[in-house]
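Understanding the architecture of this molecule
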Amino acid sequence: MSETVSAALNPNATDQAAHLRESTALSRRLRKLEQVFSVSDIQDQALGAQQVVDYYEHCHDAYRKYHSAEGAVHMALNDGDAFDPDGFYGQLRRMEREWAEAAEPPGDVLELAFGQGFNLGYLAARHPACRFSGIDLTPSHLQLADQRLKRLGLDHTALTLGDFHHLPYADAAFDQMFCIEAFCYANDLPQAFAEAARVLRPGGCFTLFDGYLPRPPAQLQPDEALAVDLVAKGMAIPQLQVVDELLASARQAGFEPHAVTSLDAQVLPSLRRLQRVTGAVIRWPWLGRMALARRHPMRGRNVLAGYLMHSTVVLGLIGYRHIVLQKS
């Protein structure tokens, strides 16, 4: 029976064949990465706050060059198959729609891990009546974000260098909180959620955008588990969060999930683009080893994440989610 006839008789055959092709491609990419990186050493490295700072201190120029010239450090959300840098505003526009549907507009908003100030610069310019605050662990981020906000003439923002596990704010100080692709660095989820709940006013929302594991790594095949581990390690994350475990921890801190939305299709154009860029680095393993040897190790390792993320999302190993948590 031909493949075409088989697919017509079995509507799932095409999906199964595509899944098999992507799985095979993932294994092939893992073997190529093993020719460039000491994968076992990367997996064994202890990662903590200092390694996160090192990663971003040495990568912020690479993000500008290869990812977003405007300083976004998150995935773009695009409808359709084509990448469009306008999608870097996608997460912010989704939040703005939530604010517009609320009974009252937020007066005080906190961003955890503000990066290069892309998000605060956009939101503060569009919401002059709102007071914005941000906290970030990386010193160069504080400098870059401060320069951006001053250049934009925004004086209703306040930036702090610090750790979101220990927020330097009063109880019930904010109406809204958000974190875009950085709460994955929470090494103590109960503590991080407890702090978020402490500084958020009753009824306020904590909005998260990030990639999560739909299933624990123990339930994955060996190459699948290796891939999701290398995606995490490539961004100085000890391990990716399992979405159900994250939601359980949020509930224990006094949050109720208001919405959990899958945005897998919207991030695929960004991930496909990153796969092409990083694939060029390791097309010839010997040349890739030479190129990476001239870079700081924390910068070179983000090739791992860029090269593998598209396949892991296509295969359902990682899911990109928009999560809205409401404080009781």
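Our structure's up above, just so we're on the same page.
A brief look at the structure comes next.

Bringing the overall build of the protein into the picture now. From N to C terminus, the protein includes 14 helices and seven strands. What you see for the protein is a C-alpha radius of gyration of 20 Å, in line with the 20 Å of a compact globule of 328 residues. If you line up the protein on its principal axes, its C-alpha atoms span 65 × 50 × 35 Å. In the protein, which comprises 328 residues, the proportion classed as buried is 52%. For the protein, long-range pairs separated by at least 24 residues make up 81% of all intrachain contacts whose partners lie at least 6 apart in sequence. Computing the positive centroid from 31 side-chain charges and the negative centroid from 37, the protein places the two 8 Å apart.

The next thing to look at is a nonpolar patch on the surface. A cluster of nonpolar side chains, Trp 284, Trp 286, Leu 287 and Met 290, forms an exposed patch at the surface whose accessible area comes to about 460 Å². One can find Met 290 in helix H12 (residues 285-293).

Looking now at the nonpolar core. As a rule of thumb, soluble globular proteins bury nonpolar side chains together. One finds Leu 112, Phe 183 and Phe 206 to be the most contacted residues of the largest nonpolar core, which totals 100 residues. For this core, the element with the most residues is helix H14 (residues 302-314), which contributes seven residues. Those residues within four positions of Leu 112 in sequence are excluded, and the remaining contacts are Ile 135, Phe 164, Leu 167, Met 177, Phe 178, Cys 179, Phe 183 and Phe 206.

Looking now at the side chain of Gln 275. If you trace the backbone, Gln 275 turns up in helix H11 (residues 264-281). A polar side-chain atom of Gln 275 sits 3.4 Å from a polar atom in the side chain of Arg 29.

Counted according to the given criterion, the structure contains 14 salt bridges. One salt bridge in this structure joins Asp 108 and Arg 131, with 2.7 Å as the shortest N-O distance. Within this pair, whereas Asp 108 is found in strand E1 (residues 108-112), its partner Arg 131 is found in strand E2 (residues 131-136), the two being separated by 23 residues in sequence. What makes Asp 108 buried here is its relative accessible area of 12%. Given a relative accessible area of 46%, Arg 131 falls into the partly exposed group. Residues participating in the shared-partner salt-bridge network are Asp 108, Arg 131, Asp 175 and Arg 201.

Attention now goes to the packing of aromatic side chains. Under the counting rule described, the total for this entry stands at 14 aromatic pairs. Residues Tyr 56 and Tyr 63 carry aromatic rings whose centres are separated by 6.2 Å and whose planes lie at 15 degrees to one another, so their mutual orientation is stacked. Seen from their ring centres, Phe 183 and Phe 206 are 5.3 Å apart, and the 90 degrees between their planes marks the pair as edge-to-face. Here Phe 206 lies in strand E5 (residues 200-212) and Phe 183 lies in the loop between strand E4 (174-180) and helix H8 (189-199), a separation of 23 residues in the sequence. As far as the burial class goes, Phe 183 and Phe 206 line up, both buried. Joined through ring pairs, the aromatic side chains of Phe 164, Phe 183, Phe 193, Phe 206 and Phe 255 make up one cluster. Across the ring face of Tyr 307, the terminal group of Arg 29 is positioned such that the distance to the ring centre comes to 5.9 Å. Above the plane of the ring of Phe 83 lies Arg 273, whose end atom (NZ or CZ) is 4.2 Å from the centre.

Here we come to helix H10 (residues 243-252). For H10, the full list of buried residues reads Val 243, Leu 246, Leu 247, Ser 249 and Ala 250. All buried residues of H10 fall inside an arc of 160 degrees around its axis, so they share one side. Exposed and facing more than 90 degrees away from the buried side of H10 are Asp 244 and Gln 252. Buried positions along H10 lie against H8, E5, strand E6 (255-262) and strand E7 (319-327). Remark: Gly 254 follows H10 within two positions and exhibits a positive phi of approximately 105 degrees.

Let's shift gears to the sheet that holds E4. Backbone hydrogen bonds are what pair the strands of a sheet, in a parallel or an antiparallel way. Reading across from one edge, E3-E2-E1-E4-E5-E7-E6 is the order of the seven strands in this open sheet, with mixed pairing throughout. The sheet is open, and its two borders are formed by strand E3 (157-161) and E6, each paired with just one other strand. Adjacent strand axes in the sheet meet at a mean angle of 15 degrees, parallel and antiparallel pairs treated alike. Along the sheet, H10 contacts E5, E6 and E7; its crossing angle with E6, the most-contacted strand, is approximately 155 degrees. Contacts from H11 reach E6 and E7, with the element oriented near 130 degrees to E7.

About the criteria used
- Every chain's residues receive numbers from 1 upward, in the order its sequence appears when written.
- Residues qualify for local features only when their pLDDT is at least 70, as the model is predicted, and side-chain atom pairs are given and counted only at 80 or more; totals for whole chains, interfaces and linings, by contrast, use all residues.
- As a rule here, side-chain values cover all heavy atoms of the structure and leave hydrogens and water aside.
- Counting from the N terminus, the helices are the DSSP runs of H or I reaching at least four residues and the strands are the DSSP runs of E reaching at least two.
- The quantity called the radius of gyration is restricted to C-alpha atoms. Its globule counterpart is 2.2 Å times the number of residues to the power 0.38.
- Burial classes follow relative accessibility: with a 1.4 Å probe on protein chains only, a residue under 20% of its type's maximum area counts as buried, one over 50% as exposed, and anything between as partly exposed.
- Every residue pair with non-hydrogen atoms within 4.5 Å of one another is taken to be in contact.
- All tallies of charge rest on Lys and Arg as positive and Asp and Glu as negative; His and the ends of each chain are not included.
- Charged side chains are reduced to one point each, which is NZ for Lys, CZ for Arg, CG for Asp and CD for Glu.
- Here, patches come from residues exposed beyond 30% relative accessible area and free of salt bridges, joined within 9 Å for like charges and within 5 Å for nonpolar side chains (Val, Leu, Ile, Met, Phe, Trp, Tyr).
- The accessible surface values rely on the Shrake-Rupley method and a 1.4 Å probe; as for residues, cover is taken only from the protein chains in view.
- What makes a salt bridge here is a side-chain nitrogen of Lys or Arg within 4 Å of a carboxyl oxygen of Asp or Glu, nothing more.
- Buried residues of nine kinds, namely Ala, Val, Leu, Ile, Met, Phe, Trp, Tyr and Cys, make up a nonpolar core once their side-chain atoms join them within 4.5 Å.
- Here a polar contact means two N or O atoms within 3.5 Å. Within protein one must be a hydrogen donor candidate and the other an acceptor candidate, and residues neighboring in sequence count only if both atoms are side-chain atoms.
- Put simply, two rings from Phe, Tyr or Trp (the six-membered ring, in Trp's case) pair if the centres are within 6.5 Å, and we call them stacked under 30 degrees between planes, edge-to-face over 60, tilted for the rest.
- Only when the NZ atom of a Lys or the CZ atom of an Arg is both within 6 Å of the ring centre and within 35 degrees of the ring normal do we say a charge sits over the ring.
- An arc is given here, and it is the one of the directions from the helix axis to the C-beta atoms.
- Between any two strands, at least two bridges found by DSSP are needed for them to pair.
- For helices, the axis comes from a line fit to the C-alpha atoms of the stretch in contact; other axes are also lines fit to C-alpha atoms, and the angle between any two N-to-C directions lies between 0 and 180 degrees.

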